[in-house]
Amino acid sequence: MQYTSTQNNTATVSSAQAIAQGISAEGGLFVPESFPKYDGITFETLLKLDYKSRAKKVLSDYLTDFTEAEISDCVEKAYTADKFGSDNPAPIASFTHEDHELNLLELWHGPTCAFKDMALQILPHLLTCSLKKTADGKKAVILVATSGDTGKAALEGFKDVPNTEIIVFYPSDGVSPMQKHQMNTTKGGNVDVCAIIGNFDDAQTGVKKIFTSKEVIDALEKCNMMFSSANSINWGRLLPQIVYYISAYCDMVNEGKIKIGEKINIVVPTGNFGNILAAYFAYQMGMPVNKLICASNSNNVLTDFISTGKYNKNRKFITTVSPSMDILVSSNLERLIYLLSGRDSEKTAEYMNALKTQGEYTVEDCVKASVSEMFYGGYCTEEETLETISALYNDSNYLCDTHTAVAVNVYEKYLKETGDRTPAVIVSTASPYKFSRAVLSAIEGREITEEDEFKIVDSLNALTNTEIPAPLEETRTLEDRFSAVIESDTMPQYVLKALGL
Ligand SMILES: *Cc1c(COP(=O)(O)O)cnc(C)c1O
């Protein structure tokens, strides 16, 4: 299996190169040149396997330059019961709510209580393995721009992994206090965390600039270091996410909710478009899907794109109660556009260039038609997010976080609008305790003025009698280690200094 770039389809690289490099030289994203196809018989076999074995099968079909032993080693290290609380890191919670069934795929049982652990617990192992194959001896410098959850998940995944350094940038006012605390208390000798003045897009643009800055790259090169990325633009992030969709499909069959071959709908609370793109890839592999439902918060740039074919980031950035979805440039959409425009890398580069220079682009009619055939886009306001949390808790005794609430709300709008009763899997992306203030405020129906985050956690715990996740509990008594706040245009200097260059 080879990989091509969304902005240069004549270049091909191996999977190890794609993962080691993170982003292609001209700034495009790596995409597999074809998709492995799974038929009913393949699914029949997968049904009987546990999560880790399903992961090994999917990974081995994409990482053809890895040995079986290497893949097995990466998977075994990542998805331990110790880190994910059980042998199934991606369980489905099913219950009836009002007149419909909800199947919530809970992807937040990992070490940082958000779905990004699913990929970031395995990425460091895939990356170290890739570096051995492609850049023996080089130290990988991981730069991360985060709207909150990626940062902590990447820090946890990479901390003390030999031959890696990780630096995380987050928008100073764009993440929850708990997210900030989680990041700033990370242990490990190879980690650094820095706030930037600006929003997530500023952080992401800053990181992208450093990745392509000749000056910084040369400075690293001299010291036998190279950049790599743990953002969802890295193929090693996306690939492990395909696994849980395939696995969820198998679990739905095993639980008698569908038969093999029957289609499902998938609902994903979306920001950077990574998670939902993984679902699209699973569909490309032959998993039966009817609709992919893309749920946004008030930053509804994707909702507009799906209905009009015009992507327009020239709008106000809104800070919401679901901060991990506060994004105006959804990087992974580039991969979808590339595939839907018939792998036309020139066209894709044109669109991305227009996005950079004018802040907008409009895809051709055929691309627009393919998008709306497969995707439904909807969004949810702040008020609706809180109402959904409260309704789920009060009527169905299920406590969900703000991001998951956005997905449930948009799914319910979809049901009303279309009447489509195809069984649906809704992705639940974070523990409610990660966003305790908003969740408590939703349930109590009042503003929470308490300053101390852990007091809010305790109130939520006392009120709902649900368990505080152990990894959050552990940070309660830890002191912050990092406190830098910088302007985004000084990020390159910060990186060089942090690396001692
Ligand atoms: C990152 C994140 C999302 C958005 O996922 P994308 O892959 O960026 O679309 C949704 N919910 C939570 C809790 C997240 O951390």
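## Structural notes on the pairing of strand S2 (residues 8-13)
- Where strand S1 (residues 3-5) meets S2, three bridges bridge the pair, whose relative direction is antiparallel. Of the residues in S2, the one forming a bridge with Thr4 is Thr12.
- The hairpin formed by S1 and S2 contains two residues between the paired strands.

## Thoughts on helix H14 (residues 301-308)
- What H14 keeps buried is the set Val301, Leu302, Thr303, Phe305 and Ile306.
- At its buried positions, H14 is contacted by strand S11 (289-296), strand S12 (310-312), helix H15 (333-340), strand S13 (360-362), helix H17 (365-374) and strand S14 (375-379).
- Of the residues flanking the end of H14, it is Gly309, one or two places downstream, whose phi is positive at about 85 degrees.

## Some details on the packing of helix H8 (residues 149-158) against helix H9 (residues 177-184)
- Two numbers describe how H8 lies on H9: the axes approach to 9 Å, and their chain directions differ by 20 degrees. Taken together, the axes of H8 and H9 lie roughly parallel to each other. As for the relative orientation of H8 and H9, their crossing is left-handed in sense. The segment H8 lies against H9, with Asp149, Gly151, Lys152 and Leu155 engaging Gln179, Gln182 and Met183.

## Some words on the packing of aromatic side chains
- Per the stated rule, a full pass over the model turns up 20 aromatic pairs.
- Summarising the aromatic geometry, the rings of Phe169 and Tyr494 are spaced 5.9 Å apart at their centres and angled 70 degrees between planes, so their arrangement reads as edge-to-face. Here Phe169 is found in strand S7 (residues 164-171), whereas its partner Tyr494 is found in helix H23 (residues 491-498), with 325 residues between them in sequence.
- When its relative accessible area of 0% is taken as the criterion, Phe169 is described as buried.

## Some points on the site of the ligand
- In the vicinity of the ligand there are 15 residues, among which Lys116, Asp149, Gly271, Asn272 and Asn275 approach most closely.
- Asn272 is positioned with one of its backbone polar atoms (N or O) 2.7 Å from an oxygen atom of the ligand.
- Asn275 is positioned such that a nitrogen or oxygen atom in its backbone is 2.8 Å from an oxygen atom of the ligand.
- Expressed as a share of its isolated accessible area of 380 Å², the protein-covered part of the ligand is 98%.
- Judged by the proximity of its atoms to the pocket grid, the ligand belongs to the largest cavity.
- Here the residues of the shell around the ligand sort into five nonpolar, eight polar and two charged.

## Points about helix H13 (residues 274-284)
- Among the eleven residues in H13, nine count as buried, and that is most of the element.
- Along H13, the residues that are buried comprise Gly274, Asn275, Ile276, Leu277, Ala278, Ala279, Tyr280, Phe281 and Ala282.
- One or two steps after H13, the chain reaches Gly286, where phi turns positive at roughly 115 degrees.

Calculation criteria
- Chains are numbered independently. Their residues run from 1 in the order of the written sequence.
- Where totals are concerned, whole chains, interfaces and linings use all residues; where local detail is concerned, this predicted model gives features only for residues with pLDDT of at least 70, and gives and counts side-chain atom pairs only at 80 or more.
- The side-chain values count all of the structure's non-hydrogen atoms but skip hydrogen atoms and water molecules.
- DSSP bridges decide pairing: two strands pair if at least two such bridges lie between them.
- Comment: elements are numbered from the N terminus, with helices defined as DSSP H or I runs of at least four residues and strands as E runs of at least two.
- For every residue, the accessible area obtained with a 1.4 Å probe (protein chains only) is divided by the maximum for its type, and the residue is called buried under 20%, exposed over 50%, and partly exposed between those limits.
- By the convention used here, residues are in contact when the closest approach between their heavy atoms is within 4.5 Å.
- A fitted line through C-alpha atoms represents every axis, and for helices the fit uses only the stretch in contact; the resulting angles, taken between N-to-C directions, go from 0 to 180 degrees.
- To sort the angles, those under 35 degrees are grouped as roughly parallel, those over 145 as roughly antiparallel, those from 65 to 115 as roughly perpendicular, and the leftovers as oblique.
- Each helix crossing is assigned a hand: it is left-handed if the near helix lies turned anticlockwise from the far helix by less than a right angle, otherwise right-handed if that turn is clockwise.
- We call Phe, Tyr and Trp rings a pair once their centres come within 6.5 Å, taking the six-membered ring for Trp, and we label the pair stacked below 30 degrees between planes, edge-to-face above 60, and tilted otherwise.
- Near residues are defined by distance, with any heavy atom within 4 Å of the molecule or strand qualifying the residue.
- Two N or O atoms count as a polar contact when they lie within 3.5 Å, although within protein this holds only if one can serve as hydrogen donor and the other as acceptor, and sequence-adjacent residues are included solely when both atoms are side-chain atoms.
- What sets the accessible areas is the Shrake-Rupley method with a 1.4 Å probe; for residues, cover comes only from the shown protein chains.
- Only protein atoms enter the calculation, which uses a 1 Å grid: trapped sets of points that fit a 1.4 Å probe without letting it out are cavities, open sets showing protein on both sides within 12 Å along at least five of seven lines are pockets, and any residue with an atom within 4 Å of a point is a lining residue.
- For a cavity or pocket, the test is whether more than half of a molecule's atoms lie within 2 Å of its grid points; if they do, the molecule sits there.
- Here the term charged refers only to Asp, Glu, Lys and Arg, the term nonpolar to Ala, Val, Leu, Ile, Met, Phe, Trp, Tyr, Cys and Pro, and the term polar to all other amino acids, Gly among them.

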